[in-house]
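Listed below are the residues making up each chain.
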Amino acid sequence: MIEETNNIVKQQVISVWVRDPRIRKNDFWHAYMDYEICLHTDSVCFTKKISSVRRRFSEFVWLRQKLQANSMLMVQLPELPPKNPFFSLNNAQQITERMKGLQKFLEQILQNPLLLSDSCLHLFLQSQLSVSKIQACAAGRTHYSVAQAVQRCGLRRFHSEEDLQKDLNMSCDSDSDSSECRDPEPRIKDLAINKAASTALLDLMAGSQEETLSCSSGST
């Protein structure tokens, strides 16, 4: 029976990517980096077939420890990329190597049927909950289930500040403790900055076209 289950899991596709590193600031002096985890699957083990969340390195460390404890040492978990005391948020090579190591870690975990049955793994990959909320939800100490927490994590693209604020108000309730829910202002400010930059670029292009037309008229 176990061998049959393993064969079914192997036939299903679970693709995971770790990408898009971003620097987050806790305050003026302290900053950290988080990464986007994209998952695409046709596996029956997952309620949601496409998802995207953001996690930081310390949360990966927590996940490995939690999975090891929950599996009661029946599984030898893969290693995470080593923690570098000299890791720099501005060193592109170090960041790339860490992302590759984190992706390899997840790829190996997702090949194990026993680990795929762990609710903490699913909440880590497909919800915006913090690690403390993940533990509470997996233990049944929240008013929402694991499936409900996963379904709350959306993939919607934001087209305006109003859309962003509306989505944040709908998805961030009192039980959500993700960094994005705690502080939506940086995302709103980023959106405003990108919008202003796009407007400035369009104005510059329009000005260049007018100068070109004026020069053409003068030459004729």
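Residues numbered from 1 in each chain as written. Predicted model: local features only at pLDDT ≥ 70, side-chain atom pairs only at ≥ 80, totals over all residues. Heavy atoms only, no water.

1. Regarding the pairing of strand β2 (residues 31–41)
Our working rule: Whether a residue is buried, partly exposed or exposed follows from its accessible area with a 1.4 Å probe, protein chains only, as a fraction of its type maximum: under 20%, in between, or over 50%, in that order. Helix and strand assignments follow DSSP, with helices taken as H or I runs no shorter than four residues and strands as E runs no shorter than two, numbered in order from the N terminus. The criterion for strand pairing is that DSSP finds at least two bridges linking the strands in question.
Within β2, nine of the eleven residues are buried, which leaves the element mostly enclosed by the surrounding structure. Judged from the ten bridges that link them, strand β1 (residues 14–25) and β2 form a sheet pairing that is antiparallel. Bridge assignment links Arg19 to a residue of β2, and that residue is Glu36. Counted between consecutive antiparallel strands, the loop separating β1 from β2 contains five residues. Where β2 meets strand β3 (residues 50–56), seven bridges bridge the pair, whose relative direction is antiparallel.

2. A short note on the pattern of salt bridges
Inclusion rule: When a carboxyl oxygen of Asp or Glu lies within 4 Å of a side-chain nitrogen of Lys or Arg, that pair is called a salt bridge.
Under the defined criterion, the tally for this structure stands at seven salt bridges. The residue Asp20 makes a salt bridge to Arg22 at a minimum N-O spacing of 3.0 Å. For Asp20, a relative accessible area of 27% translates into the label partly exposed. Judged by its relative accessible area of 41%, Arg22 falls in the partly exposed class. Linking Arg55 and Glu59 is a salt bridge whose minimum nitrogen-to-oxygen distance equals 3.3 Å. The same class applies to Arg55 and to Glu59, which are both buried. Here the salt bridges share partners, and the residues they tie into one network are Asp20, Arg22, Arg24, Asp34 and Arg54.

3. Quick notes on the side chain of Glu59
Within the secondary structure layout, Glu59 lies in helix α2 (residues 57–70). Under the relative-accessibility criterion, Glu59 is labelled buried at 15%.

4. Observations regarding the sheet that holds β3
Let me state the cut-off plainly: Only the stretch in contact is used when a helix axis is fitted, and all axes are lines through C-alpha atoms; the angle between N-to-C directions ranges over 0 to 180 degrees. Any two residues whose heavy atoms approach within 4.5 Å at even a single point are treated as in contact.
Spatially, the three strands line up as an open sheet ordered β1-β2-β3, and their pairing is antiparallel. Each end of this open sheet is capped by a strand with a single partner; those strands are β1 and β3. Strand-to-strand twist of the sheet, defined as the mean angle between neighbouring strand axes without regard to direction, takes the value 20 degrees. Together, β2 and β3 form the strand contacts of α2, whose direction differs from that of β3 by roughly 105 degrees.

5. What to know about the confidence of the model for the protein
For clarity, the threshold we go by: How sure the predictor is of each residue is captured by pLDDT, a score from 0 to 100.
Scored by pLDDT, the protein has a mean of 77; 65% of the residues are at 70 or more. In the model, residues 170–202 has pLDDT below 50 throughout and makes 32 contacts with residues more than four positions away in sequence or in other chains. Below pLDDT 50 for its whole length, residues 208–220 participates in zero contacts with residues either more than four positions away or in separate chains.

6. A look at the side chain of Arg98
Quick note on the threshold: In this charge count, Lys and Arg are treated as positive and Asp and Glu as negative; neither His nor the chain ends contribute.
Mapped onto the fold, Arg98 is located in helix α3 (residues 92–109). Within the buried set, Arg98 has no salt-bridge partner at all; the shortest N-O distance to an opposite charge, 8.8 Å, is to Glu97. Every residue in contact with Arg98, bar those within four places of it in the chain, is listed here: Tyr35, Phe57, Pro81, Pro82, Lys83, Asn84 and Phe87.

7. Considerations on a nonpolar patch on the surface
We count it as follows: Patch members must show over 30% relative accessible area and no salt bridge, and they are joined within 9 Å when carrying like charges or within 5 Å when they are nonpolar side chains of Val, Leu, Ile, Met, Phe, Trp or Tyr. In short, Shrake-Rupley with a 1.4 Å probe defines the accessible areas, and a residue's cover is counted only from the protein chains shown.
On the surface, Met72, Met74 and Leu114 cluster together into a nonpolar patch covering about 350 Å² of accessible area. Structurally, the position occupied by Met74 is in the loop between α2 and α3.

8. Side note on the packing of helix α5 (residues 119–126) against helix α6 (residues 131–138)
Two measures define how a pair of helices packs: the angle their axes make with one another and the distance between the axes. What counts, and what does not: Just so you know how the angles are binned, under 35 degrees is roughly parallel, over 145 roughly antiparallel, 65 to 115 roughly perpendicular, and the rest oblique. A crossing counts as left-handed when the near helix is turned anticlockwise from the far one by less than a right angle, and as right-handed when that turn is clockwise. By the convention adopted, Pro, Cys, Tyr, Trp, Phe, Met, Ile, Leu, Val and Ala count as nonpolar, Lys, Arg, Asp and Glu as charged, and the other residues, Gly among them, as polar.
Contact pair α5 / α6: the axes reach a minimum separation of 9 Å and the direction vectors enclose 140 degrees. As judged from the angle between their axes, α5 and α6 are oblique. Two packed elements cross with a definite hand, and for α5 against α6 that hand is right-handed. Packed against α5, whose contacting residues are Ser119, Cys120, Leu123 and Phe124, the element α6 presents Ile134, Cys137 and Ala138 at the interface. Classifying every residue of the contact of α5 with α6 gives six nonpolar, one polar and no charged.

9. Some words on the environment of Ala149
On the secondary structure map, Ala149 appears in helix α7 (residues 146–152). Residues Ala149 and His122, 27 residues apart in the sequence, show an inter-C-alpha distance of 9.8 Å. Leaving out residues up to four positions away in the same chain, Ala149 has contacts with Leu123, Gln126, Ser127, Leu129, Cys137 and Tyr144.

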